[in-house]
Amino acid sequence: MPSEAKGTSIELIVPQDIAGLRLDQVLAKLLPQWSRSRLQSWINEKHITVNGQTTTAKQKLWGNETIQIIPPIASHEQADRAEAIPLAIVYEDNDILVIDKPVGLVVHPGNGNKQGTLLNALLYHSSLFANVPRAGIVHRLDKDTSGLLVIAKNIEAQTSLVRQLQQRTVKREYLAVVWGEVKQEGWIDAPIGRHPIHRTRMAITAKGKPARTHYRILTPFKGYTLLQCNLDTGRTHQIRVHMHSIGHPLIGDSVYTDRTKQLPKEAGYFTHRFHRQALHAYRLTLEHPSLQQPMSWESPIPKDIKELLSQLTQL
């Protein structure tokens, strides 16, 4: 039987503020991009050592120990193909890559999208991404949402970005064009989970995960509003579900808009035929994983949303 392929080694020093926890609990806190069950299996399979010695998941740690992890590369990760898909690169260094995702690009392979995804493009762009779980992808945008995404080029950077996302220190700002005239800024604090009947959709549900969206008015139009939306959390379809819940679904959103509702004729042919949710991730701010300083990037409004706004201006 062939030996299992090894990923890039990572070393961690156990911080004092989590002293007294078991090894598996410490790893779950320090490496949130992997599940606890996977980390426990790596401990059992001797992929993880503490101060150079193999150990058990139950070993307690007291701070300043050196943990070394050499994660095996999962067979499904090895199977992902590199594909020459162009990337709109906004920023790149040894730790991170920031891209401007176009409409239509799926971020991660899934049912019906095994190829032609951002993950496939990343594997072609650099061999480094093959050594990082999910090719360094730490957050996503829907297929038909455009805008900024950050990707980690090594495990240390990925760990830092995942922690920042969990601590809600990554700022993600969106432009959204919605139905109706929003009267004042506000926020929506409502848990989001899988729809109980339509499993491909999300919904506000008591069993969902916490989700919070802030919104403010940028430009009011006759019957519509351009909003800036900021996320405290990053649930699937969060802005789309939240705005729909307060009666202001996104223009062009065929999933979270009443299918019987039609744009008024005066909105024009282009607006009536807008075929994707009018949502663009235009600003991203985070702390650089190794430089440890804040960095921010902006993406210009894409052509189709510019044309949409021009149409609305004429109402």
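Residues numbered from 1 in each chain as written. Predicted model: local features only at pLDDT ≥ 70, side-chain atom pairs only at ≥ 80, totals over all residues. Heavy atoms only, no water.

## Looking at the overall build of the chain
- When helices and strands are tallied, the chain shows eight helices and 15 strands.
- Buried positions account for 49% of the 315 residues belonging to the chain.
- Residue pairs at least 24 apart in sequence account for 66% of intrachain contacts in the chain once pairs closer than 6 positions are excluded.
- Put simply, the chain shows about 16,200 Å² of open surface, and 49% of that area lies on carbon and sulfur atoms. (Helix = DSSP H or I, 4+ residues; strand = E, 2+ residues; numbered from the N terminus. Buried < 20%, exposed > 50% of the residue type's maximum accessible area, 1.4 Å probe, protein only. Contact = heavy atoms within 4.5 Å. Areas by Shrake-Rupley, 256 points an atom, 1.4 Å probe, with all protein chains shown as cover.)

## Re the environment of Lys60
- Mapped onto the elements, Lys60 comes out in the loop between strand E3 (53–54) and strand E4 (66–69).
- Once the C-alpha coordinates of Lys60 and Gly20 are considered, the two residues, 40 residues apart in sequence, prove to be 5.8 Å apart.
- Discounting residues that sit within four places of it in the chain, Lys60 has contacts with Gly20, Leu21 and Arg22.

## Notes on the packing of aromatic side chains
- As enumerated under the stated definition, the model contains two aromatic pairs in all.
- A ring pair is formed by Tyr91 and Trp297, whose centres lie 5.5 Å apart and whose planes are at 45°; its orientation type is tilted. With a gap of 206 residues between them, Tyr91 in strand E5 (residues 89–92) and Trp297 in strand E15 (residues 294–298) connect regions that are remote in the sequence.
- Tyr91 sits in the partly exposed class, given a relative accessible area of 21%.
- Ring centres of Trp179 and Tyr224 lie 6.1 Å apart, and the angle between their planes is 50°; this geometry places the pair in the tilted category. Within this pair, whereas Trp179 is found in strand E8 (residues 171–179), its partner Tyr224 is found in strand E13 (residues 224–231), the two being separated by 45 residues in sequence. (Phe/Tyr/Trp six-rings, centres within 6.5 Å; stacked < 30°, edge-to-face > 60°.)

## Some thoughts on the nonpolar core
- Among the nonpolar cores identified, the biggest contains 31 residues, and Leu118, Leu122, Tyr174, Ile239 and Met243 are the most heavily contacted of them.
- Taken together, the elements giving at least two residues each to this core come down to strand E6 (96–101), helix H4 (118–125), strand E7 (146–152), E8, E13, helix H6 (238–245) and strand E14 (279–287).
- No other element matches the five residues that H4 contributes to this core.
- Setting aside chain neighbours within four positions, we find Tyr174 in contact with Leu141, Thr145, Leu227, Gln228, Cys229, Leu231, Ile239, Leu279, His280, Ala281 and Tyr282.
- Formed by 20 residues, the second largest nonpolar core is a distinct cluster that contains Trp42, Ile48, Val50 and Ile155. (Core = buried A, V, L, I, M, F, W, Y, C linked by side-chain atoms within 4.5 Å.)

## Overview of the side chain of Glu83
- Topologically, Glu83 is positioned in the loop between helix H3 (75–79) and E5.
- The side chain of Glu83 is buried and forms no salt bridge, while Arg81, the nearest opposite charge, is found at 5.0 Å.
- If sequence neighbours within four positions are ignored, Glu83 has contacts with Gln115, Gly116, Asn120, Ala121 and Tyr124. (Lys, Arg positive; Asp, Glu negative; His and termini not counted. Salt bridge = Lys/Arg side-chain N within 4 Å of Asp/Glu carboxyl O.)

## Considering the packing of helix H1 (residues 23–30) against helix H2 (residues 36–44)
- At a minimum axis distance of 10 Å, the contact between H1 and H2 shows a crossing angle of 130°. Classed by the angle they form, the pair H1 and H2 counts as oblique. The hand of the H1/H2 crossing is right-handed. Counted together, Leu23, Asp24, Gln25, Leu27 and Ala28 of H1 and Arg36, Leu39, Gln40 and Ile43 of H2 form the full contact between these two elements.
- Here the contact of H1 with H2 is composed, by residue class, of five nonpolar, two polar and two charged. (Axes fitted to C-alpha atoms, helices over the stretch in contact; angles between N-to-C directions. Parallel < 35°, antiparallel > 145°, perpendicular 65-115°, else oblique. Left-handed = near helix turned anticlockwise from the far one by under 90°. Nonpolar A, V, L, I, M, F, W, Y, C, P; charged D, E, K, R; others polar.)

## Quick word on the confidence of the model for the chain
- Here the chain shows a mean pLDDT of 88. Residues at 70 or above account for 90%.
- The low-confidence segment residues 1–5, where pLDDT is below 50, has five contacts with residues more than four positions distant or belonging to other chains. (pLDDT = per-residue confidence, 0-100.)

## Topic: helix H8 (residues 303–313)
- All of the buried residues along H8 are Ile305, Leu308, Leu309 and Leu312. All buried residues of H8 project into a common sector of 95° when viewed along the axis, lining one side. What points out from H8, more than 90 degrees from its buried face, is the exposed set Lys303, Lys306 and Thr313. (Arc of directions from axis to C-beta.)

## Things to note about the side chain of Gln277
- Take Gln277: it is sitting in the loop between helix H7 (269–272) and E14.
- A distance of 3.1 Å separates polar atoms of two side chains, one belonging to Gln277 and the other to Thr145.
- In this structure Gln277 touches Asp142, Asp144, Thr145, Arg240, Leu250, Ile251, Gly252 and Asp253, once residues within four positions along its chain are discounted. (Polar contact = N/O pair within 3.5 Å; in protein donor to acceptor, adjacent residues only side chain to side chain.)

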